[in-house]
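Understanding the architecture of this molecule
Take a look at the letters that make up each chain.
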Amino acid sequence: MDGRTVLERFPAGGPRGSWPAEEFAQARRLEGLPAEVVMDLASDMFLVVVGRGDAAGDAAA
């Protein structure tokens, strides 16, 4: 998947008002990982990924 590593998968049909993928990604960012949430339409899952865009993050810092 474009050199990215999937850390965790979350079903898209979670309870209303619940954002477990975003909460997981935020916790990883607090640990220093450049985690982001992407949607995998084929599996209807939110994926928390790291890897792509690391160079862009370094350039912005």
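Quick note: structure is the one above.
Bear in mind the structure is a predicted one, so any value in this text is a computation, not a measurement.

So, how was this worked out
Residues numbered from 1 in each chain as written. Predicted model: local features only at pLDDT ≥ 70, side-chain atom pairs only at ≥ 80, totals over all residues. Heavy atoms only, no water. Helix = DSSP H or I, 4+ residues; strand = E, 2+ residues; numbered from the N terminus. Buried < 20%, exposed > 50% of the residue type's maximum accessible area, 1.4 Å probe, protein only. Contact = heavy atoms within 4.5 Å. Areas by Shrake-Rupley, 256 points an atom, 1.4 Å probe, with all protein chains shown as cover. Salt bridge = Lys/Arg side-chain N within 4 Å of Asp/Glu carboxyl O. Phe/Tyr/Trp six-rings, centres within 6.5 Å; stacked < 30°, edge-to-face > 60°. Lys NZ or Arg CZ within 6 Å of the ring centre and 35° of its normal.

Attention shifts here to the overall build of the protein chain. A tally of regular secondary structure across the protein chain gives 2 helices and 3 strands. Reading the secondary structure of the protein chain in the N-to-C direction produces β-α-β-β-α. When the 61 residues of the protein chain are sorted by exposure, 18% land in the buried category. When contacts within the protein chain are restricted to residue pairs at least 6 apart in sequence, those whose partners lie at least 24 apart make up 52%. When the accessible area of the protein chain is evaluated, it comes to approximately 4,300 Å², of which 55% is carbon and sulfur surface.

Take arginine 28: it is sitting in helix H1 (residues 20-30). Its relative accessible area of 16% is what places arginine 28 among the buried residues.

This part is about unusual backbone geometry. In this structure, aspartate 44 is a non-glycine residue whose phi angle is positive, near 55°. As for its position among the elements, aspartate 44 is in the loop between strand S2 (36-40) and strand S3 (45-50).

Before going further, it helps to examine the pattern of salt bridges. Inspection of the entire model under this criterion finds 1 salt bridge. With a closest N to O distance of 3.0 Å, glutamate 31 and arginine 28 form a salt bridge.

The next subject is the packing of aromatic side chains. In the structure shown here, the tally under the stated rule is 1 aromatic pair. Over the face of the ring belonging to phenylalanine 24 we find arginine 28, whose NZ or CZ atom lies 4.3 Å from the ring centre.

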